[in-house]
Amino acid sequence: MRVLYTLLLLVLLTVPAGATEIKRVVSPGGIEAWLVEDHKNPIITVDVTFLGGGGLDPSGKEGRARLVAGTLDEGAGDLDSSAFQKALEDNAIKLSFSARTDSFSGSLSTLTNVSDEAFRLMRLALTQARFDAEPLSRMRSQIQASIRNRWRRPNSIASRTWWRAAFPDHPYGRPRDGSIESVGRVEAEDLRAFTKAVFARDRIYVSVVGDITAQRLAKVLDEVFGGLPKTAAGDPTSDRALASASELMVVKQPVPQSVVIFGHEGIRRDDPDWYAATVLMEIMAGGFGSRLTREIREKRGLTYGVYAYLLPLKHSSLIMGGVSTQNARVAESIRLVREVWRDFAETGPTDEEVADAKTYINGSFPIRFTNSSGIAGFLTAVQRHKLGIDYIDRRAGLIDGVSTQDLKRVARRLFKADRLSFVVVGDPEGLTPTREAPASGG
Amino acid sequence: MKLGSAFLIALFTAAIGLPALPEAKVFEPETFTLANGMQVVLVTDTRAPVVNHMVWYRVGSADEPTGKSGIAHFLEHLMFKGTKTLKPGEFSKIVARNGGQENAFTSQDYTGYYQTVARDRLEVVMRIEADRMANLQIIEREVIAERDVVLEERRSRVDNRASARLAEQVDAITYFAYPYRVPIIGWPDEVSRLTRDDALDFYRTWYAPNNAVLVVAGDISADALRPLAEKYYGAIPARAVPKRPRPAEPPHLTARRISLADPQVGQPSLGRRYLAPGYVHGETRHAYPLQVLSEILGGGTTSRLYRKLVVEDRIAISAGAWYGADGIGPQLFGFYLTPSQERSMAEGEAALDAEIVKILADGVTADEVARAKKRMLAEAVFVRDSVTAPARILGQAIVNGRTIADVEAWPDRVAEVTVAEVNDAARAVLILEHSVTSQLLRKGG
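Throughout this document, residue positions are counted from 1 along each chain, in the order its sequence is written. Naming scheme: in the order in which they are written, chains are lettered from A and ligands are numbered from 1. Totals for whole chains, interfaces and linings use all residues, but because this is a predicted model, local features are given only for residues with pLDDT of at least 70 and pairs of side-chain atoms are given and counted only at 80 or more. Here the side-chain values reflect all heavy atoms present in the structure, with hydrogen atoms and water set aside.

The subject of this paragraph is the overall build of chain A. Numbering of helices and strands starts at the N terminus; helices are DSSP runs of H or I of at least 4 residues and strands are runs of E of at least 2. Check the secondary structure of chain A and you find 16 helices and 11 strands. Here the globule rule reads 2.2 Å times residues to the power 0.38, and the radius of gyration is calculated from C-alpha atoms. Here chain A has a C-alpha radius of gyration of 23 Å; the compact-globule value for 442 residues is 22 Å, and the two agree. Based on the C-alpha atoms only, the size of chain A along its principal axes is roughly 60 × 55 × 35 Å. Burial status follows relative accessibility: with a 1.4 Å probe on protein chains alone, a residue under 20% of its type maximum counts as buried, one over 50% as exposed, and anything between as partly exposed. Burial analysis of chain A (442 residues in total) assigns 60% to the buried set.

Shown next as structure tokens:
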């Protein structure tokens, strides 16, 4: 009876993002963007993403991409730092950049009446950044301060230690924002080398949402991005398997609660089993009633938050998770993570869990279309993963199409309790490490 | 990370650097009141076929009985633990099964619950939200486990973090009598002794329809909403709700200083806060000028503090100001500063003090006021680009004693602010005897 009921819901809930119509716009100069036109508010939002990020930082200069992100809006073209910032703030133009491991993004949000100026400033930042000594030194100090600020926090130590152990001689094993020393070594010429290696038209994804027509956007695309070189240097980084599995590492810290990070191999975004894995992760860790939360939080009160997620990076795919529990009981939380993992792999999900997870995944899909940056981020992800402009209409079918048989098979493939490596930061009781934690510094 | 933010609370709304949500004129909400006194507010937004459904209660941690700190927040957790007809956890299951996302929050002045769902699921969440307004039922076993969850939440948010431990102590000495001195999550010893009866007492005292506001934002009309609101919330009888126990804050006659040194701290930092009026507390005429003052002093990289202390003099790595006008009790106007590596905390504080002295002596310029207002008015447009922000802003304003007209008039009020009003407000608030200065320090080199 219950299964029938939820199946019925499924059908009703597969209406996707309603009025959201995605247009593919190609400029005369050949630059492509995806556009959701919406003239309700006089706001234009642009997301531009390039492939290539902190993973390209040279050894010893970790944090370079992050520093680029901090300094692009600190002076470009004829405008020095203070003139550039004043032009942004006096027009209430929001322009910011961010670096991830495998990508680098710019985000622009502007009122329509000053959008010409906004596009001009974005173009200058991307093509004529100055990297003057004063702002560079100021940004360096700010990033070093934020590193100092986090360096000795349990979550930061746990994360650095886990990644260092998993990728001892790969960029993924280095702290993404760099260390105080490595950031101190980054000079203006290094920042220029990054923009040369990454800001090119053969690796750009542009998404635009809001108060702009396709005709105007086509012109704007050439204005803003037409000056970028056609191609850039390739990514010399190689794919890498995890170097560390089945380990338990402890970093002693004088805090009342142990912070735990765990993980093992995951699944690539282009793997045919991706959608099965998505449904499984919802059942495993999708909030209240999910397996991890039920066993560790709801039944036993061992934690405020336990989580797990798929992390398909360019050069390695992972499942990561975490939990935080008072020192005296953290061993129990770790034991339960392993048990839940093992049990799920062996028995797979129940029919009710599958029906509920599919309903949730498809039913909650339109929620991400309630603000411009959410829509723009989605458009960029679909472009990057080459899912097709009709993905928004196909996604529900992809989720629904996963069979119980698939799910049982993929659960066995995906969840390997014995492969999980744990890092614990705190003063845990009753845990015996299997190896020493690697130094998590520099 | 859904759970990391589930129950995410405005726990540290007064913490450094968290700006208040900006407000805008053109939400153009509709409103009506049910026969039992429950106000309903609607913001129609048809961008996506989605609605955001929120119920706000006029009760928060500042209304807790002495010795029961944390009960408002603990009750918020227990509201997910069942009713006469729903089993523990079933509430969340129903929301998820209908493709919805949910959350709840406890602040000093209010407690809120919300779900975001496809528009044709609104009735489902309305039915169960109304159900738990009237029919909460919790069993002892759930209470014990959830209390452990809250204690773990406290460890994650506060006990494990030096900066949060300091923030909690700063709040405790900022107010002599006013209950904002008590942490929302509660003192650990008191939380560990909270009981099922404590939670139910608090629930029965405060959770009544006439003490709640329903805010719905999204793809629905007032004609469609009204019958649903009447059917589910209108059916709950009104009850007498007591006056909120808010003592007056006695005069502050001396500046206070506090510091915390911890091996976890890598980067020392400084905070300074002054008691201030708000929209509904104290000299309310200063509320809008103080927002402009905060923008001039500390809003962004062209602000006075950033330009002078960070860019020109390089005394600080970061510096700024903040102000919140929304609460029903004494509000705060604050500053934060991170000294440069080469400069001491004392030098940083002296430089901040010099800027404060300058503003008091010379005031702000007409150009500064004009630029600040322009940026603030733009925010009133940006904030419309969301289904959730308008609902949050309106809900918070109304439960804290303001009206829809007040919120809609925000751009007008900001536009009217004059140089003289900003200077008056600065002189009324930036009085050292009314301040607390806090330092987060490195321990052991």
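Moving on to the overall build of chain B. If you tally the helices and strands in chain B, you get 17 helices and 11 strands. Taken against the 2.2 N^0.38 rule, which gives 22 Å for 445 residues, the C-alpha radius of gyration of chain B at 22 Å falls within 12% of a compact globule. Counting only residues that meet the buried cut, chain B has 63% of its 445 residues in that class. In chain B, 83% of the contacts between residues at least 6 apart in sequence involve partners at least 24 apart. We score Asp and Glu as negative and Lys and Arg as positive, and we do not count His or the chain ends. For charged residues, the charge sits on one atom: NZ in Lys, CZ in Arg, CG in Asp, CD in Glu. Between the mean site of the 53 positive side-chain charges and the mean site of the 55 negative ones, chain B shows a separation of 3 Å. Contacts are assigned to residue pairs with any non-hydrogen atoms lying within 4.5 Å of each other.

This next bit is on the nonpolar core. The definition of a nonpolar core used throughout is a set of buried Ala, Val, Leu, Ile, Met, Phe, Trp, Tyr and Cys residues joined through side-chain atoms within 4.5 Å. Of all hydrophobic cores here, the largest spans 107 residues; its most connected members are Phe104, Phe199 and Phe225 of chain A together with Phe333 and Phe335 of chain B. Among the nonpolar cores identified, the runner-up in size contains 63 residues, and Val260, Ile267, Ala345 and Phe369 of chain A belong to it.

Listed per partner, the contact involves 73 residues of chain A and 70 residues of chain B. Here the buried area means the combined drop in accessible surface, using a 1.4 Å probe, for two parts upon being joined, counting both sides. When chain A packs against chain B, the two sides together hide about 6,100 Å² of surface, and 53% of this comes from carbon and sulfur. Put simply, a salt bridge is a Lys or Arg side-chain nitrogen that is within 4 Å of an Asp or Glu carboxyl oxygen. The interface formed by chain A and chain B holds 8 salt bridges in total. For Arg97 of chain B, the salt bridge goes to Asp356 of chain A, with nearest N and O atoms at 2.8 Å.

So, on to the domain arrangement of chain B. All names here are of chain B. Domain boundaries shown here were taken from an automatic or database domain assignment. Considered domain by domain, chain B is made up of domain 1 (34-232) and domain 2 (256-442). The C-alpha-based centres of domain 1 and domain 2 are spaced at 29 Å. Counting from both sides, the interface comprises 33 residues of domain 1 and, opposite them, 33 residues of domain 2. Summed over both partners, the interface of domain 1 with domain 2 buries about 2,800 Å², with 67% contributed by carbon and sulfur atoms. Our count for the contact surface shared by domain 1 and domain 2 stands at 3 salt bridges.

Residues and elements named next belong to chain A. Among the secondary structure elements, Arg123 is positioned in helix H4 (residues 115-127). Overall, Arg123 belongs to the partly exposed group, its relative accessible area being 28%. Remark: the alpha-carbon pair of Arg123 and Trp162, spanning 39 residues in sequence, is separated by 39 Å. Those residues in contact with Arg123, other than ones at most four positions away along the chain, are Gln128, Glu223 and Val224.

Another point: helix H10 (residues 274-285) of chain A. Residue and element names in this part refer to chain A. A rise of 1.5 Å per residue sets the reference length of H10, with its 12 residues, at 16 Å; its end C-alpha atoms lie 16 Å apart and thus fit the reference within 8%. Every buried residue of H10 is accounted for by Trp274, Tyr275, Ala276, Ala277, Thr278, Val279, Leu280, Met281, Glu282, Ile283, Met284 and Ala285. Phi turns positive, to about 100 degrees, at Gly287, one or two residues after H10. One fewer than the residue count of a helix, multiplied by 1.5 Å, yields its expected span.

The next point concerns helix H15 (residues 391-400) of chain A. Residues and elements named next belong to chain A. Here H15 has its buried residues at Tyr391, Ile392, Arg395, Ala396 and Ile399. Projection of H15 onto a plane perpendicular to its axis shows the buried side chains occupying an angular sector of 145 degrees, all on one side. Lining the buried residues of H15 we find H10, helix H13 (351-363) and helix H14 (372-384). This arc is taken over the directions from the axis of the helix to the C-beta atoms.

Residue and element names in this part refer to chain B. Strand pairing follows a simple DSSP-based rule, namely that at least 2 bridges must link the two strands. Overall, mixed pairing links the 6 strands, which are arranged S1-S2-S6-S3-S5-S4 in an open sheet. Among the strands making up the open sheet, the edge pair consists of strand S1 (30-33) and strand S4 (101-106). Adjacent strand axes in the sheet meet at a mean angle of 15 degrees, parallel and antiparallel pairs treated alike. For strand S2 (residues 39-44) and strand S6 (residues 212-218), the ladder comprises 6 bridges, and the chain directions are parallel. To obtain an axis, a line is fitted to C-alpha atoms, over the contacting stretch when the element is a helix, and the angle between two such axes runs from 0 to 180 degrees between their N-to-C directions.

Another aspect to go through is the domain arrangement of chain A. Residue and element names in this part refer to chain A. Once the domains are mapped, chain A shows domain 1 (23-225) and domain 2 (248-426). Domain 1 and domain 2 are separated by 29 Å when their C-alpha centres are compared. Between domain 1 and domain 2, the residue contacts involve 29 residues of the former and 31 residues of the latter. Taken together, the two surfaces of domain 1 and domain 2 that pack against each other cover about 2,600 Å², and 76% of this comes from carbon and sulfur. Summed over the shared surface of domain 1 and domain 2, the number is 0 salt bridges. For this analysis, a polar contact is any N or O atom pair within 3.5 Å, provided that within protein one partner can donate a hydrogen and the other can accept it, and provided that sequence-adjacent residues contribute only side-chain to side-chain pairs. Counting every contact that joins domain 1 to domain 2 gives 9 residue pairs in polar contact (both at pLDDT 80 or more). Of all the secondary structure elements, the ones that give two or more residues to the side of domain 1 that touches domain 2 are strand S1 (23-26), strand S2 (32-37), strand S3 (43-51), helix H6 (154-166) and strand S6 (204-210).

On to the packing of H10 of chain A against helix H12 (residues 330-347) of chain A. All names here are of chain A. Between H10 and H12, whose axes approach to 12 Å, the crossing angle comes to 140 degrees. In terms of axis orientation, H10 runs oblique to H12. Crossing handedness for the pair H10 and H12: right-handed. Only Val340, Trp341 and Phe344 of H12 make contact with H10, whose side of the interface consists of Leu280, Ile283 and Met284. For this classification, the nonpolar set comprises Ala, Val, Leu, Ile, Met, Phe, Trp, Tyr, Cys and Pro, the charged set comprises Asp, Glu, Lys and Arg, and every other residue, Gly included, is treated as polar. Classifying every residue of the contact of H10 with H12 gives 6 nonpolar, no polar and no charged. Roughly parallel means an angle under 35 degrees; roughly antiparallel, over 145; roughly perpendicular, 65 to 115; everything else is oblique. A clockwise turn of the near helix away from the far one marks a right-handed crossing, whereas an anticlockwise turn of less than a right angle marks a left-handed crossing.

All names here are of chain A. Scanning the entire structure with this criterion turns up 69 salt bridges over all chains. Close ionic contact of Arg394 with Asp390 constitutes a salt bridge, the shortest N to O distance being 3.2 Å. The exposure class assigned to Asp390 is partly exposed, which follows from its relative accessible area of 37%. Three or more residues joined by partner-sharing salt bridges are found here, namely Asp271, Asp273, Asp406, Arg409 and Arg413.

On to the pairing of S3 of chain A, then. Residues and elements named next belong to chain A. Counting buried residues along S3, 8 of its 9 residues qualify, which places the element largely inside the surrounding structure. Both S3 and strand S5 (residues 103-111) contribute to a ladder of 9 bridges, which runs antiparallel. Each residue of the ladder has a partner; that of Thr49, found in S5, is Ser105. With 7 bridges connecting them, S3 and S6 associate as antiparallel partners. Bridge assignment links Thr49 to a residue of S6, and that residue is Tyr205.

By definition, pLDDT measures how confident the predictor is in each residue, and it falls between 0 and 100. Averaged over all residues, the pLDDT of chain A equals 92, while 95% of them reach at least 70. Scored below 50 in pLDDT, residues 1-18 of chain A shows 37 contacts in the model against residues more than four places distant or in partner chains.

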